Each structure stands twice: as C-alpha cells, then as structure tokens.
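Working through the structure, step by step
Take a look at the letters that make up each chain.
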Amino acid sequence: MKTLAERQTVGTGLKRRRGPKPGRIGRGLRLLALLAVFLVGLVAGLGPAAAQTVNYDLSTTSVMRINLPVSQAVTVIVSAAVGKIVAADPAIADAQPITDKSIYVVGKTFGTTTVNLYSADGAPIGLLAVQVGADTADISRSIRAAVPNSNVKVGTVNGRVRLSGTVADAVSMQKILDIVAQYGSPAIINTMTLVGGQQVNLEVRILEAQRDAGRALGIEWGGSVGGVTAKIGSGPDSPTAGAKSFSSFITSVISGATGVSLSATLTALESKRLVRTLAEPNLTTLSGVNASFLAGGQVPIRVADGNGNTTLTYKDFGVRLVFTPVVLDGDRIQIHLTPEVSGIGGTTAAGDPVFNTRTLDATVELRDGQSFSVAGLLQNESNLSQNQLPWIGDVPILGSLFKSSSYQKHDTELVVIVTPRLVQPSTPGQIVATPLDQTQPANDPEFFALGQMEVTSRMIQDFQSGAGVAGPYGYIIDLGPGSVK
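Because the structure is predicted, anything quoted here is derived from the model rather than measured.

What follows is about the overall build of the protein chain. Check the secondary structure of the protein chain and you find seven helices and 25 strands. Within the protein chain, the fraction of its 485 residues that count as buried is 29%. Put simply, of all contacts in the protein chain between residues at least 6 apart along the chain, 60% involve residues at least 24 apart. Counting every atom, the protein chain has about 30800 Å² of accessible surface; 56% of that belongs to carbon and sulfur.

As structure tokens, this is what we get:
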C-alpha cells in the first residue's frame, strides 16, 4: 500500500489524457452541413434565374390567356408539335418558336392581341390571347411602400391599369395615381373609394376694423366791393374758389370802387369714426371640394362690349370666404383659404362704384379642432392738403390768416381666425336640435292679453296649470281641456 506522499507524487508526475466531450462531434457535423447548404444556395442565387414558363395543354384548353408586362417575355410549352406561329399584331406581342413544342412570347407595347398556332400541315391547333400591360406586381409593391395604410388592388383591362379598393384620403389617392402614371400606362381606370371622416366643418371669424380721423382749420374772408361780391381765402372744402374770387376782388379795387365791406369766417373741424365688420361663417364640405360664403350684396356696373353697347354686370361686395379642405392621415387637415372683405369706397365721375377690398390667400395645415389666426393686415393712409392765397399765404404769422389746412387719416386692419373640424352626419332617426325648438309663436290670448311674442313649453305648462296667469292680469283665458279653472 502506498502512502499519501507517494500517491501525491505519482499524481503530479502523470498527466491524464482527456477524450472528446460527448456531443461535440455531432454539433460540428451539423455546422458543416448548414455551411454546405448555405454555399449551395449562394451559388444557386448567383446563377441565372429560371425563365418564366407556361404549360399549354391543347387537349384540355382551347384558348390560353397570358397577361404579360411590357418588355418582358414568357416561354409557352405546348403539349403537341407546332408547325407555324402567326401573331395578329407583332407590334403588341411578338412570338418566336424555340423548338417544335416551345414558343417565346415578348410583350412590346400596351394592348391585346392573339397568337395563332398551326400544325405542320396548316391546321389550327391552338390560340394564345396575350394582354400586354404594366407590371402589376411591381406597381403593387410600390403602392404598399408609399401608402402602407391603403388597400388597393391592381389589375389590367385591355392593357390599361385598373385600380380598385379603398384609400384613407384624397392625398393618398393622388399619390397612388402619380405612382401608376410612372409605369407608362396609356390610361388609368380608377375605381378606388375614399373611407373615413371626409367631411370638414370650418369655423371662421373675420374682423375688419376701420378708423378714420380728420382735422381742418382755415380762415375765409368774404365781402363786397361796390356791387361785386368776393371771397379772399378758401376753406378746405373749396380749394379753388379763393383764387377766382381774389382776382375779382383786385379788379374791383383797381377800378376805384367804393363801399368796401369785409367779413371773416373761421373753419375748424375734427372728426373721428370707427367701423367694425364682423362675420362668423360656418361651412361644411367634402374633402377636396370648394365651399364659399358671401354676406353682402351686389352692385350693378356698366361695361361696354365690343360693339360699343353698354351692358350691366354685377359685382359682389361684403364678406366672402372660399376654402378647400383636404383630409390627410392622422386627422390632419390641409386648408386653402381665401377670405375677402370689400365695400364701396366711392364713385367715379361717371357714377360707377369704387371698391375697397381686403383679401387673403393662404394654405395651412391643422389638426382636428386646432385654430390659427392671421392678423396684422394693417393699411394706413394719410392725406395732407393746404390751400392759401399766393404770396400773402407765405408771409410769416400774417400768412396764416389767408391759409386753410386739412388732415385725413384712414386705418384698416383685418383679422381672420380659422378652426377646422372633422364631422360625421347624424345617425338615422336622431333629431337635430335647432334654436327654434324651444319656442313657438304666441296665439292671440298670449299675444294680446299677456304680451308674449313667443312662448316656451314651460310657459304653456304654467298657463295650463294656472301658475302663469296668476297676478294682476284681469283676463279670463280659455286654455283648453285639462287646464285649471
């Protein structure tokens, strides 16, 4: 028997040979097998793709229909030998024999045609109905990538692209049409429908404030020289009268006339005016459809035609609103807004009206219930005028007695506040409330005896119960059966 020290010495002097762990060889073989499969797949992927083929069994199918994209080809494998191939319109689809039982068909342009198959002795044995159109599979992939929330199906009719299914909004539909147009189809048959909340209600507040201020100060001299009446100086309202009268006055003085009497009139005026125009149109329209609103009137205007005849046309004035909403994804609403505020500012010498117009053209994007405002559309007009007698009006201090001055200021500011909302129609059978539902016109006793122009249902109940006629009325009213006596 060995001692403990001897066993320790032997243990340290010898090394134990370890074998492979269980299962390690199996895992290695599996990894090699997976690597081999990957390499085979990679080589196959790098090699040429298999051509598209169609099997045509002449014993079971009389006409073989083939849908072929433009500039693509298909190989038709026929069950019997074909002696001759004739394409009705080679410009649409061309067919060439490869063997006596295989035909190579190429789509050249949009349209439909036929390829007739004959036996070696000239007997017809088959017919290929070829429809050449756009690549519907590639179009579908492009639509899904650009508009993922749409449900659009792409097909062909006589070589034309046909779109069906549903889209969420008009912008998505237009995007899909733009994508399909890139594939060169001569026409697009659009049968897509819009789904979702596509009715938009627009709440608009339009405010126009006009401020006018004017001041006038002048001295007008008047009197008579002999038998001639004259005016020296002129007020703000008659800028040219002073010059004519002054010449007459000087002529009378030079002629030596006597009996001169003069009078002076002081003109001082200050005026202020504030005009506010407020409109709150509330319109509802479909997405992509214009809606308009006008609160005002029409004015006839004379217009000369090509023959020199005068005809009447009518010009709108007042508060006008034209807007076009487009509903986008995520309850976003794009609005093209054109508000206009116009009024008659005066007339021409011929009597035709002159209009003052404030207009705005803007395109904004909001979410349901959000608001935006456009303010600061301010216009400032100032008019200064001064009339005086020649030479005398330029004399310091004394010239103020022969001078008239006026000042006019006109300020206009336009403010527009817009709030769009997505709306849905009421459910069938739901009664929509109106402001007149709670009242009704009074009858003769209620109007003449009680002085009521309108009555409510609560008032009628009070009348019938006697509560509404208690008091110093002094009338006996027949309220009908069931009322309190």
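With mixed pairing, the four strands of this open sheet are ordered in space as 2-8-7-4. At either margin of the open sheet sits one strand with a lone partner, and together these are strand 2 (63-69) and strand 4 (84-87). The average angle at which neighbouring strand axes cross in this sheet is 20°, direction not considered. Relative to strand 8 (residues 124-133), strand 2 runs parallel, the two sharing seven bridges.

This next bit is on the side chain of Thr113. On the secondary structure map, Thr113 appears in strand 7 (residues 111-118). Looking at Thr113, its side chain comes within polar contact range of the main-chain nitrogen of Asp89, at 3.1 Å.

Averaged over all residues, the pLDDT of the protein chain equals 76, while 75% of them reach at least 70. Confidence over residues 36-51 falls short of pLDDT 50; this stretch has zero contacts with residues more than four positions distant or in other chains. Low confidence marks residues 239-244, where pLDDT is under 50. Its contacts with residues over four positions away, or in another chain, come to six contacts.

Turning next to the packing of aromatic side chains. Overall, the coordinates contain one aromatic pair when judged by the stated rule. In this structure, Lys315 is placed above the aromatic ring of Phe355, and the distance from its NZ or CZ to the ring centre is 5.8 Å.

Moving on to empty space enclosed by the protein. Evaluated as defined, the whole model comprises one cavity of 30 Å³ or more. Here the largest cavity is characterised by a volume of approximately 30 Å³. Leu294, Asp316, Phe317, Gly318, Arg320, Glu340 and Ser342 are the residues that line the largest cavity. Contributions of two or more residues to the lining of the largest cavity are made by strand 18 (310-327) and strand 19 (332-347). Top contributing element to the lining of the largest cavity by residue count: strand 18, with four residues.

So, about the pattern of salt bridges. For the structure shown, the criterion picks out eight salt bridges. Residue Asp138 pairs with Arg141 through a salt bridge whose shortest N-O separation is 3.4 Å. Here the residue Asp138 and the residue Arg141 both occupy positions in helix 3 (residues 136-146), the gap between them amounting to three residues, near one helical turn. For Asp138, a relative accessible area of 26% translates into the label partly exposed. Two residues, Glu203 and Arg421, come together in a salt bridge whose shortest N-O distance is 3.2 Å. Placement of the pair is Glu203 in strand 13 (residues 199-225) and Arg421 in strand 23 (residues 403-423), with a sequence separation of 218 residues. Look at Glu203 and you get partly exposed, because its relative accessible area is 30%. Looking at Arg421, the relative accessible area reads 35%, which means it is partly exposed.

Moving on: the pairing of strand 5 (residues 93-99). For strand 5 and strand 6 (residues 102-107), the ladder comprises six bridges, and the chain directions are antiparallel. Opposite Pro97, over in strand 6, you have Ile103 as the bridge partner. The turn joining strand 5 and strand 6, which pair antiparallel and follow one another in sequence, is formed by two residues.

In this structure, the second largest pocket occupies an estimated 190 Å³ of space. Lining of the second largest pocket is provided by 14 residues; of these, Glu208, Gln210, Thr277, Ser342 and Gly343 occupy positions nearest its centre. The element that contributes the greatest number of residues to the lining of the second largest pocket is strand 19, accounting for five residues. The class makeup of the residues in the lining of the second largest pocket is four nonpolar, seven polar and three charged.

Let us look at the environment of Thr265. Note that Thr265 resides in strand 15 (residues 260-279). Among the residues examined, Thr265 registers a relative accessible area of 43% and is labelled partly exposed. Spatially, the C-alpha atoms of Thr265 and Ile219 are 5.6 Å apart, while their sequence positions differ by 46 residues. Setting aside anything within four residues of it in sequence, one finds Thr265 in contact with Gly218, Ile219 and Glu220.

Now for the packing of helix 3 against helix 4 (residues 170-181). Helix 4 packs onto helix 3 with a crossing angle of 145° between their chain directions and a minimal axis gap of 10 Å. Crossing of helix 3 against helix 4: the hand is right-handed. Of the residues in helix 4, those in contact with Ile139, Ser142, Ile143 and Ala146 of helix 3 are Lys175, Ile176, Ile179 and Val180. Of the residues in the contact of helix 3 with helix 4, the class split is six nonpolar, one polar and one charged.

Here is what the cut-offs are and how they apply
Residues numbered from 1 in each chain as written. Predicted model: local features only at pLDDT ≥ 70, side-chain atom pairs only at ≥ 80, totals over all residues. Heavy atoms only, no water. Helix = DSSP H or I, 4+ residues; strand = E, 2+ residues; numbered from the N terminus. Buried < 20%, exposed > 50% of the residue type's maximum accessible area, 1.4 Å probe, protein only. Contact = heavy atoms within 4.5 Å. Areas by Shrake-Rupley, 256 points an atom, 1.4 Å probe, with all protein chains shown as cover. Pairing = 2+ DSSP bridges. Axes fitted to C-alpha atoms, helices over the stretch in contact; angles between N-to-C directions. Polar contact = N/O pair within 3.5 Å; in protein donor to acceptor, adjacent residues only side chain to side chain. pLDDT = per-residue confidence, 0-100. Phe/Tyr/Trp six-rings, centres within 6.5 Å; stacked < 30°, edge-to-face > 60°. Lys NZ or Arg CZ within 6 Å of the ring centre and 35° of its normal. 1 Å grid on protein atoms, 1.4 Å probe; cavity = no way out; pocket = protein on both sides within 12 Å on 5 of 7 lines; lining within 4 Å. Points joined across faces, edges and corners; volume = space filled by probe spheres on them. Salt bridge = Lys/Arg side-chain N within 4 Å of Asp/Glu carboxyl O. Nonpolar A, V, L, I, M, F, W, Y, C, P; charged D, E, K, R; others polar. Left-handed = near helix turned anticlockwise from the far one by under 90°.

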